[in-house]
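Take a look at the letters that make up each chain.
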Amino acid sequence: MVVRMRVNRSKTGKRRSHHAISGVRLSTCSCGALRQSHRACPECGKYNDKVVIDVVARANREARRAKRHSADRPVTEKESEAAAT
Ligand SMILES: [Zn+2]
């Protein structure tokens, strides 16, 4: 890099002043759960009041997956609680 192109500390600081990450903005879904805007609701699977994710099928799939991964060891109490909810 040529000296003429070198960015001084002031310019670097000014550029980086916009790099901070703000918190996630949450809104309330029609089902009452908190969800991110422009994202499908993880609780009811709806986006714009239309079902886009089959949450029951997803829960079943994840339960099956967890069962397969823990086939060689017994399921802990914590995992069975998570599957129940
Ligand atoms: Zn919802």
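Remember, it's a predicted structure, so these values are computed and weren't measured experimentally.

S.K.: Could you clarify how one ought to interpret the environment of Val24 in this entry?
M.R.: Its place among the elements puts Val24 in the loop between helix H1 (9-16) and strand S1 (26-28). Along the chain, Val24 and His38 lie 14 residues apart, while their C-alpha atoms are 12 Å from each other.

S.K.: Looking at this model, I keep getting lost on the environment of Thr28. Mind explaining?
M.R.: Take Thr28: it is sitting in strand S1. Here Thr28 falls in the exposed class, since 10 other C-beta atoms lie within 10 Å of it. Placed 13 residues apart in sequence, Thr28 and Cys41 show a C-alpha to C-alpha distance of 9.4 Å.

S.K.: So what exactly am I meant to see when it comes to the confidence of the model for the protein here?
M.R.: Caution is warranted with low-pLDDT regions, since their predicted coordinates should not be read in detail. Per-residue confidence for the protein gives a mean pLDDT of 88, with 91% of residues at or over 70. When mean pLDDT is taken per element in the protein, H1 scores highest with 96 and helix H3 (residues 77-84) scores lowest with 72.

Calculation notes
- Residues numbered from 1 in each chain as written.
- Predicted model: local features only at pLDDT ≥ 70, side-chain atom pairs only at ≥ 80, totals over all residues.
- Helix = DSSP H or I, 4+ residues; strand = E, 2+ residues; numbered from the N terminus.
- Buried ≥ 20, exposed ≤ 12 C-beta atoms within 10 Å, placed from the backbone.
- pLDDT = per-residue confidence, 0-100.

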